[in-house]
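# Architecture at a glance
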Amino acid sequence: EGVTSVLGGGLGLLDGLKSMYFPSTIVELDGLLVGHGVNNVAFAEGSPFSVKEGVITKTTNSGIEIVKALANAKVTDESGTLVIPQNVIAIGNGAYRDNTDIRAVTLPDMLDSIGDYAFSGCSSLSGDLSLPQGITKLGAFAFYGTNISRAFVPSGVAFVGQDLFSNCNSLKEL
């Protein structure tokens, strides 16, 4: 109790960590913190965070933020498409990092930001990527190592992190 923010990827690097518990005082949580093997996360009553179907979300006054899809989360449909719900305003750092089940992604119109490494290493993510008109922030390495062939970035984006599409060898049009 008393801790309000857990930021950075430090704990995500701990080998063998399978579950985590966070007190209700936590108001900031970086998805890079939650390592690849973690499949059980719990939050104290009264927390703005919740876990549903293996995905950690944070409820804010503006909408829902996706923090992290856990190791055991099934986030795509049968065709490999990840459909982000319309009430999601942000996809956090490392939210879907290294998820090779994702072949396509449909982003909501309300989406304002995509965090650092959000889809990094999603090597099955291919085809066209259409970012919504209202998006303002694209984090560093957000699509690193994907196989998207075309990306449509709206003119209103205010911040683009370094190496957004780095190592995207299939990218032909931006």
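Our subject is the structure that appears above.
One structure accompanies this document, and this report is about it. Counting restarts for each chain, with residues numbered from 1 along the sequence as it is written. Per-residue local features of the predicted model are confined to residues with pLDDT of at least 70, and side-chain atom pairs are confined, for both listing and counting, to 80 or more; whole-chain, interface and lining totals are unaffected and use all residues. For the side-chain quantities, the full set of heavy atoms in the structure was used; hydrogens and water were omitted.

## Let's talk about the packing of aromatic side chains
By convention here, two paired aromatic rings are described through the distance between centres and the angle between planes. Here a Phe, Tyr or Trp ring, Trp counted by its six-membered ring, pairs with any other such ring whose centre lies within 6.5 Å, and the pair is stacked when the planes are under 30 degrees apart, edge-to-face when over 60, and tilted otherwise. Throughout the structure, instances matching the rule amount to six aromatic pairs. Ring plane angle 10 degrees and centroid distance 5.4 Å describe the contact between Tyr96 and Phe119, whose orientation is recorded as stacked. Taken together, the residues span a long stretch of sequence, with Tyr96 in the loop between β9 (88-91) and β10 (104-106) and Phe119 in the loop between β11 (113-114) and β12 (126-130) at a distance of 23 residues. Here Tyr96 and Phe119 have matching classes, each one buried. Judged by centre distance (5.4 Å) and plane angle (5 degrees), the rings of Phe119 and Phe143 are stacked. Here Phe143 lies in the loop between β13 (137-138) and β14 (147-152) and Phe119 lies in the loop between β11 and β12, a separation of 24 residues in the sequence. Secondary structure elements are defined from DSSP: runs of H or I of at least 4 residues count as helices, runs of E of at least 2 residues count as strands, and each element is numbered from the N terminus. Accessibility here uses a 1.4 Å probe with only protein chains present; expressed as a share of the type maximum, an area under 20% marks a residue as buried, one over 50% as exposed, and anything in between as partly exposed.

## Some words on the pattern of salt bridges
The salt bridge criterion pairs a side-chain nitrogen of Lys or Arg with a carboxyl oxygen of Asp or Glu, the two atoms within 4 Å. In this structure the tally under the stated criterion is two salt bridges. Its salt-bridge partner being Asp128, residue Arg150 comes within 2.7 Å of it at the nearest N-O pair. In this pair, Arg150 is assigned in strand β14 and Asp128 in strand β12, connecting sequence segments 22 residues apart. Residue Asp128 is classed as partly exposed on the basis of its relative accessible area, which comes to 42%. Between Glu173 and Arg150 there is a salt bridge, and its shortest N-O distance comes to 3.8 Å. Of this pair, Glu173 sits in the segment after β15 (159-160) while Arg150 sits in strand β14, and the two are 23 residues apart along the sequence. Via salt bridges that share partners, Asp128, Arg150 and Glu173 belong to a single interconnected network.

## Some thoughts on the sheet that holds β11
Pairs of strands are assigned from DSSP output, requiring at least two bridges between the strands. Ordered in space as β5-β6-β7-β9-β11-β13-β15, the seven strands form an open sheet in which the pairing is mixed. Strand pairing shows two members of the sheet lacking a second neighbour, β5 (49-52) and β15, which therefore form its edges. In this structure, β11 lies alongside β13, joined through two bridges in parallel fashion. Bridge pairing in β13 places Ile114 opposite Leu138.

All we've got here are geometric facts, nothing functional implied.
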